[in-house]
Amino acid sequence: MNENMKKLLIVDDDYLVREGLRSTVDWQSVGVEVAAVAENGAVGLEKARELMPDLIIADVRMPVMDGLEMAKILFDEKADLAIIVYSGYKDFENARRALDSGVAGFLLKPIDSNDLIAKVKEVLAALEARRRDSKILGQIKSNLPAVRRQHFQTLLTDPENFASAAEQLALLGECPPQAGTVIYVRSDSPDIKAFIGAADAALGCISEVFSGYAVAVCSADEETAMAALTKLLDGNLKKSDARFTVAVAAFDGDLQAAFAKARALSENTLFTAINAVVTENGSGRYKKIIRDALSIIERDYCKKISIKTVADALYSSESHLMHEFKSQVGKTFNECLTDYRMLKAQEYLIKGEMRISEIAYAVGYGDVRYFGQIFKEYYGCTPSEYAERRGQ
């Protein structure tokens, strides 16, 4: 069969009628070839499933299964085709009702060849238009994630096109709030998708995941967002190998300024090491004494520091500071210090500008062998192996 020709299936229980339709109509003039004939709707249904014709012409009244029953089943199965039915005058009402269920047209017996050809042209033109529209819609849908991502990024970073991006997102069913909270999540972990998805579910956000970070915008106030995000970090999504910086910034009208603020806050790598939610005033989940202690870790991690030296600097007792770390952070002071040192060591190795011995001293370890041992416990490989893998 010519690939450029449309396939036709003729279904009629009258041998003379179906053979007459097959042989006496100039199908080639309308780009059609008869692919098969069938003696009733049941056989027609089997052949339609097998051959996937573009067009079926069928009698309404037939034994076993009539033309309308066959048509209904095919349409329920989402068959990509058109169907024309024909009948005697007394079946006119049944045929007319069939149009409402998807049948493309009907004709009255006796069938006039010219009327049939005209109807076939009309029906095939409509079929082609539908297929073309479906293809275009499919292309739009396949590109939708990229298009949506672009609009979302424009919404956050491009003042001149903010209104246009908001309008386009609204057309996609997502309306950015006029006021609320911007949530910026920085992480290289694949768990970032699960985290931002959970934030969406908890706060009703619109969000997007980019390379190395994700952003969500919700109408919740900062306090509500902080509570929900802290609960997420403390819950099932908090894993030893999934490190997040979650920064939030409130806005009332100026969404883009809030986004810039949240992004800047997220660059504090200390909080990445300990999985915290941060705001302009520091970590919202920690008391001032812990925030101050963490700031000392961030500043002096390369020096010889201990919980005693930090407690002395904060005019606190060692036992009180130990208790606060355990109750608020869920880790000891030494665990937080080691977390941060390992994170900085990882950054130095990725940059590839220092020898391993230099990195060990730079992150506070005088013993290079001990540094290598701790690093392997964290990342499952030695510093040199890690550097080799990142360099590949």
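Located above this text is the structure these notes cover.
As the structure is a computational prediction, the values presented were derived from the model and not from experiment.

In terms of regular secondary structure, the chain is built from 17 helices and 11 strands. In the chain, the proportion of contacts linking residues at least 24 apart, taken out of those at least 6 apart, comes to 65%.

Attention now goes to the packing of helix 2 (residues 41-51) against helix 3 (residues 67-76). Look at helix 2 against helix 3: their axes get within 9 Å of each other, and the N-to-C directions meet at 30°. Overall, the two elements helix 2 and helix 3 adopt an arrangement that is roughly parallel. In this structure, helix 2 crosses over helix 3, and the sense of that crossing is right-handed. Judged by residue contacts, Gly41, Gly44, Leu45, Ala48 and Arg49 of helix 2 engage Met70, Ile73 and Leu74 from helix 3.

Before going further, it helps to examine the packing of aromatic side chains. Two numbers describe a pair of aromatic rings. These are the distance of the centres and the angle of the planes. Applying the stated criterion to the full structure yields 12 aromatic pairs. Taken together, the aromatic side chains of Tyr365, Tyr370, Phe371, Phe375, Tyr378, Tyr379 and Tyr386 make up a single cluster linked through ring pairs. Directly above the ring of Tyr365 sits Arg341, whose terminal nitrogen or CZ lies 5.3 Å from the centroid.

Turning our eyes to something else, we now look at the pattern of salt bridges. Per the stated rule, a full pass over the model turns up 21 salt bridges. Between Lys6 and Glu128 there is a salt bridge; the shortest N-O distance is 3.4 Å. One end of the pair, Lys6, is in strand 1 (residues 6-11); the other, Glu128, is in helix 5 (residues 113-157), and 122 residues separate them in sequence. Under the relative-accessibility criterion, Glu128 is labelled partly exposed at 33%. Because the salt bridges share partners, they merge into one network encompassing Lys6, Asp54, Asp80, Glu128, Arg130 and Arg131.

The next thing to look at is unusual backbone geometry. In this model, Lys109 is joined to Pro110 through a cis peptide bond whose omega is -10°. Examined against the element boundaries, Pro110 turns out to sit in the loop between strand 5 (105-108) and helix 5. Within the chain, Met52 stands out as a residue other than glycine whose phi angle is a positive 50°. Positive phi outside glycine occurs at Tyr315, with the angle close to 55°. With respect to the helices, strands and loops of the structure, Tyr315 is situated in the loop between helix 12 (307-313) and helix 13 (318-329).

This next bit is on the nonpolar core. Counting 33 residues, the largest nonpolar core has Ile290, Ile297, Leu321, Phe325, Phe333 and Phe371 as its most contacted members. Elements with a minimum of two residues in this core: helix 11 (288-300), helix 12, helix 13, helix 14 (333-351), helix 15 (356-362) and helix 16 (368-379). Residue contributions to this core peak at seven residues, all from helix 14. With residues up to four places along the chain from it excluded, the contact list for Ile290 reads Leu321, Glu324, Phe325, Gln328 and Val329. Counting residues in hydrophobic clusters, the runner-up holds 23 residues, among them Ile183, Ala220, Met226 and Val248.

By definition, a disulfide links the sulfur atoms of two cysteine residues through a covalent bond. All told, the structure shown has zero disulfides when counted by the stated rule. Unpaired in this structure, Cys205 has its nearest cysteine sulfur neighbour in Cys218, at a distance of 4.4 Å.

A few words now on a nonpolar patch on the surface. Together, Leu144, Val147 and Leu172 make up a nonpolar patch on the protein surface, roughly 200 Å² of accessible area in all. Position of Leu144 relative to the elements: it lies in helix 5.

Moving on, we come to helix 3. Looking at helix 3, one finds that the buried residues are Gly67, Met70, Ala71, Leu74 and Phe75. Summarising the axial view, the buried residues of helix 3 lie within an arc of 130°, below the 170-degree limit, and thus occupy one face. Turned more than 90 degrees from where helix 3 packs its buried face, Lys72 and Asp76 sit exposed. For helix 3, the elements touching its buried residues are strand 1, helix 2, strand 3 (55-59) and strand 4 (82-87).

With 12 residues, helix 13 ought to run about 16 Å at 1.5 Å a step, and its terminal C-alpha atoms sit 16 Å apart, in line with that. Here the buried face of helix 13 lies against helix 11, helix 12 and helix 14. Positive phi shows up at Gly330, right after helix 13, with a value of about 85°.

Parameters and conventions
Residues numbered from 1 in each chain as written. Predicted model: local features only at pLDDT ≥ 70, side-chain atom pairs only at ≥ 80, totals over all residues. Heavy atoms only, no water. Helix = DSSP H or I, 4+ residues; strand = E, 2+ residues; numbered from the N terminus. Contact = heavy atoms within 4.5 Å. Axes fitted to C-alpha atoms, helices over the stretch in contact; angles between N-to-C directions. Parallel < 35°, antiparallel > 145°, perpendicular 65-115°, else oblique. Left-handed = near helix turned anticlockwise from the far one by under 90°. Phe/Tyr/Trp six-rings, centres within 6.5 Å; stacked < 30°, edge-to-face > 60°. Lys NZ or Arg CZ within 6 Å of the ring centre and 35° of its normal. Salt bridge = Lys/Arg side-chain N within 4 Å of Asp/Glu carboxyl O. Buried < 20%, exposed > 50% of the residue type's maximum accessible area, 1.4 Å probe, protein only. Core = buried A, V, L, I, M, F, W, Y, C linked by side-chain atoms within 4.5 Å. Disulfide = S-S within 2.5 Å. Patch = residues over 30% accessible without salt bridge, like charges linked within 9 Å, V, L, I, M, F, W, Y side chains within 5 Å. Areas by Shrake-Rupley, 256 points an atom, 1.4 Å probe, with all protein chains shown as cover. Arc of directions from axis to C-beta. Expected span 1.5 Å × (residues − 1).

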